[in-house]
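Next come the chains, spelled out residue by residue.
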Amino acid sequence: MDLKLKDKVVMITGSTGGVGEALVKAFAAEGCKLAISSTRQEKLDAMLPNIDIAPENLLTFVVDVTSEEQIKAMVEQTIARFGSLDVQVNNAGYEGLSLPVDQQTVENMMKVYNVNVFGPLYGMKYALPQMKAQKCGAIVNITSQASITGAATMSAYVSSKHAAFGLSKCAALEVAELGIHINCIGPGPIDTPMMTKLEKQALGENVTKEEAMKIFAASYPNKRYCRPEEVADLALFLASDLSSHITGSLVTMDGGQAALGR
């Protein structure tokens with residue numbers, strides 16, 4: 001299927017994590033022009049040899065997504081270089097500490113919210129004026145199945161993902177008549193380094209990947225984690241005009257868990 005994404009200008013934050021790298025590879029394979037960011041230059045340097053893209057079609061940034069000014073600059077420089085901004089994927093995320101509510105701290109909550117809520121907010125705030133001027137565009141916010149479910153000891157992360165979904169719904173309604181669609185992808189556990197950190201927080205440092213996956217994936221009918229490439233494939237569809245009648249939605253990737261009704 002031709003998603004008609006060739007030469008589209010795509011901005012991706014959090015580009016060097018497990019999902020981030022899969023997103024970069026997927027959009028590069030579609031022939032897109034990419035503006036990508038990471039928190040450190042060495043992460044970009046390690047990833048770039050694995051990406052098949054012409055140098056003139058790539059911009060890289062070291063960006064702290066909790067900084068409104070840095071996100072603003074990334075958007076502005078992307079538009080200045082490529083002349084448009086067709087797709088934005090707000091992927092950067094942070095899990096924070098796992099703490100019961102009665103031990104939760106404002107410091108932990110704010111560290112999580114600054115990345116998971118304010119990061120997408122800043123991204124959309126500065127992307128939307130360009131998309132409004134173009135009268136077209138797509139924004140994909142990578143949230144989580146936690147946008148609609150709860151998890152004991154994960155109040156900071158879960159509530160931040162609820163907030164990111166709420167933010168996305170509001171933005172989608174504001175621009176629905178302007179040819180811009182905004183959606184969230186809500187995976188369950190993904191086989192990434194972030195998931196490994198969550199496993200060790202919950203089960204101890206000595207847990208093996210196989211042991212952790214058996215425990216965490218037990219409630220999913222297909223008994224496995226989501227793969228980063230599966231998230232990227234869905235992001236391609238939601239970034240394309242083929243999904244233009246889908247907006248303000250969360251598409252979950254839960255291996256059939258929702259069908260269980262619990």
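Predicted model only: the values in this text are computed from it and were never measured. (Residues numbered from 1 in each chain as written. Predicted model: local features only at pLDDT ≥ 70, side-chain atom pairs only at ≥ 80, totals over all residues. Heavy atoms only, no water.)

Trainee: Can you help me understand the pattern of salt bridges in this one?
Mentor: Oppositely charged side chains are able to pair whenever their charged atoms sit close together. Summed over all chains, the structure comprises seven salt bridges. The partner of K111 in a salt bridge is E107, and the shortest N-O contact between them spans 3.7 Å. Remark: E107 and K111 occur in helix α4 (residues 106-116); sequence separation between them is four residues, near one turn of the helix. Given a relative accessible area of 55%, E107 falls into the exposed group. One continuous salt-bridge network, built from bridges that share partners, spans R224, R227 and E230. (Salt bridge = Lys/Arg side-chain N within 4 Å of Asp/Glu carboxyl O. Helix = DSSP H or I, 4+ residues; strand = E, 2+ residues; numbered from the N terminus. Buried < 20%, exposed > 50% of the residue type's maximum accessible area, 1.4 Å probe, protein only.)

Trainee: Just to check I follow, could you spell out the nonpolar core for this structure?
Mentor: Note on soluble globular proteins: their nonpolar side chains tend to be buried together. F27, L34, V89 and I185 are the most contacted members of the largest nonpolar core, which totals 34 residues. Those elements that place two or more of their residues in this core are β1 (9-12), α1 (18-29), β2 (33-38), α2 (41-47), β4 (87-90), β5 (137-142) and α9 (228-239). Sequence-distant contacts of L34, defined by excluding residues within four places in its chain, comprise V10, V24, F27, A28, I53, N57, L58, L59 and F82. With 27 residues, the next largest nonpolar core counts Y126, A127, A171 and I182 among its residues. (Core = buried A, V, L, I, M, F, W, Y, C linked by side-chain atoms within 4.5 Å. Contact = heavy atoms within 4.5 Å.)

Trainee: Explain the packing of helix α7 (residues 193-203) against helix α8 (residues 209-216) to me, please; I cannot follow it from the model alone.
Mentor: What describes two packed helices is the angle between their axes and the distance between those same axes. Put simply, α7 and α8 touch, their axes get as near as 10 Å, and they point 80° apart. What the angle tells us is that α7 and α8 run roughly perpendicular. For the pair formed by α7 and α8, the contact residues are M195, T196, L198, E199, A202 and L203 on the first element and K209, A212, I215 and F216 on the second. A breakdown of the residues in the contact of α7 with α8 according to their chemical character gives seven nonpolar, one polar and two charged. (Axes fitted to C-alpha atoms, helices over the stretch in contact; angles between N-to-C directions. Parallel < 35°, antiparallel > 145°, perpendicular 65-115°, else oblique. Nonpolar A, V, L, I, M, F, W, Y, C, P; charged D, E, K, R; others polar.)

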